[in-house]
Amino acid sequence: MNTVTKVAITATALFLAACGPSKEELARLQLLAQEQARIAAEQAQKEARIRKKRIDSRISSADARWQDKAYLTESNIQSLFSSQDSRFAALSDSELEQKNTYFVSYPLQAARYDYKKGFHPFNIVGIRSLPNSGPYNSLFPDEAADYAPGHSAKSVVEFTLQQDLEKNRLGQDVLMKNGNRWVATVLNFKNYPALKSFNRDWQWIPGVFEDIKWKAAPEKTHAQSDSRVLEVQLGLRFCTLEDRCFSKIDYQGHPTHAVRADVMSIYVGNRDTGEILAKFVREAE
């Protein structure tokens, strides 16, 4: 190939490069982009179907438990902690599975209606909100909290599963002096958008003093709360790995045995009438 030919080829290549891609190349790129968009849309639809199926399954399970009240039993709790507590080893006759959801129920206690802001706050009886993972940092490790300026460990909520109780002078059940506590610990769903809400009128309250608020007229909220039969039903999925899911701390002189859990669903309802007032469901796997 002589010098003139080489120069001509180089010039032609430079001219084509300067003019941009050819019509054929543009058409090919357009078809490729359309195919990628089609694949992405199909994947999004597939994920949406899977997510809907997962949510529907969790709602169906929570609905069934609200009706039959098949909640976590003392035997279930002993089984859950049997690997950590020798007192329960001989009593355990069943094993809780990490993939299953188990349900518990707690009373919902009404605070005073906030007329200025137009909502009724409520507290879940049996819950303790921690501003950070604190004593449970082994269950909720957050390495960023150790070195990132202004970063604090994630907030944790503790739910009582079982306690050593005794009768006081009024015949009421109270926590025994130095009595043991068995609790489930979860990331604070009040602070993080972990649950999909199906009722806009019910919203979580961040912080440690109040838990949830009902944005409705006082006549409506008092009709439900005055009888003191409102309950919160939780669906929990427990982490059962012996070496990373359990912790033991001291809480005000009470040995506290904790297990890490995830909240699958939360219902707010009237136990007397059976009416469900609010539903919250975890969307993630």
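To be clear, the structure that these remarks concern was listed above.
Counting restarts for each chain, with residues numbered from 1 along the sequence as it is written. pLDDT decides what is reported in this predicted model: residues at 70 or higher carry local features, side-chain atom pairs at 80 or more are listed and counted, and totals for whole chains, interfaces and linings draw on all residues regardless. Side-chain descriptors were evaluated using all non-hydrogen atoms of the structure, hydrogens and water having been removed beforehand.

### Things to note about the overall build of the chain
A tally of helices and strands in the chain yields six helices and 14 strands. In the chain, which comprises 285 residues, the proportion classed as buried is 36%. The contact criterion used is simple: two residues touch if any of their non-hydrogen atoms lie within 4.5 Å. Counting contacts in the chain only where the partners sit at least 6 residues apart, residues at least 24 apart contribute 66% of the total. For every accessible area listed, the method is Shrake-Rupley and the probe measures 1.4 Å; residues are considered covered only by the protein chains on display. In the form shown here, the chain has an accessible surface area of approximately 17200 Å², with 52% of it arising from carbon and sulfur atoms. Starting at the N terminus, helices and strands are each numbered in turn, a helix being any DSSP run of H or I of at least four residues and a strand any DSSP run of E of at least two. Only protein chains enter the accessibility calculation, which uses a 1.4 Å probe; a residue is then buried when its area is under 20% of its type maximum, exposed when over 50%, and partly exposed in between.

### Re the nonpolar core
If you look at the biggest cluster of nonpolar residues, it comprises 41 residues, and the most contacted ones within it are L108, F159, L161, W202, L234, F238 and I266. Not counting residues within four places of it along the chain, the set of residues in contact with L234 comprises Y102, F103, V104, Y106, F159, V263, S265 and I266. Nonpolar cores are built from buried Ala, Val, Leu, Ile, Met, Phe, Trp, Tyr and Cys residues. Side-chain atoms within 4.5 Å join them into one set.

### Quick look at the packing of aromatic side chains
Two measures describe an aromatic ring pair: the distance that separates the ring centres and the angle between the ring planes. A pair of aromatic rings is counted whenever rings of Phe, Tyr or Trp (Trp by its six-membered ring) have centres within 6.5 Å, and the orientation is called stacked for planes under 30 degrees apart, edge-to-face for over 60 and tilted otherwise. Enumeration over the complete set of coordinates arrives at nine aromatic pairs. Their ring planes at 45° and their centres at 4.9 Å tell us that W204 and F280 sit as a pair that is tilted. On the criterion of sequence distance, the pair formed by W204 in strand β9 (residues 202-204) and F280 in strand β14 (residues 276-282) is long-range, its members being 76 residues apart. Both residues of the pair, W204 and F280, count as buried. Grouping aromatic residues by their ring pairs yields a cluster made of Y106, F159, F189, W204 and F280. In our convention, an over-ring charge means Lys NZ or Arg CZ found within 6 Å of a ring centre and within 35 degrees of that ring's normal. The ring of F119 carries the charged tip of K213 above its face, separated from the ring centre by 4.8 Å.

### Regarding the environment of Q163
Residue position: Q163 is located in strand β4 (residues 156-163). Beyond its immediate chain neighbours, meaning those up to four positions away, Q163 contacts L175, N180, R181 and W182.

### Concerning a nonpolar patch on the surface
Patches here: salt-bridge-free residues with over 30% relative accessible area, like charges joined within 9 Å, nonpolar side chains (Val, Leu, Ile, Met, Phe, Trp, Tyr) joined within 5 Å. Here a salt bridge means any side-chain nitrogen of Lys or Arg lying within 4 Å of a carboxyl oxygen belonging to Asp or Glu. Taken together, the side chains of L26, L29 and L32 define a hydrophobic patch exposed on the protein surface, amounting to about 250 Å² of accessible area. Note on placement: L32 falls in helix α2 (residues 23-68). Residue classification places L32 among the partly exposed residues on the basis of a relative accessible area of 40%.

### Quick look at helix α6 (residues 218-225)
P218, T221, Q224 and S225 are the residues of α6 that are buried. Each buried residue of α6 sits inside an arc of 135° when the element is viewed along its axis, so together they form one side. Turned more than 90 degrees from where α6 packs its buried face, E219 and A223 sit exposed. Where the residues of α6 are buried, they touch β1 (102-110), β2 (120-124), β10 (212-214), β11 (230-238), β13 (254-270) and β14. Regarding the arc, it is the one traced by the directions from the helix axis to the C-beta atoms.

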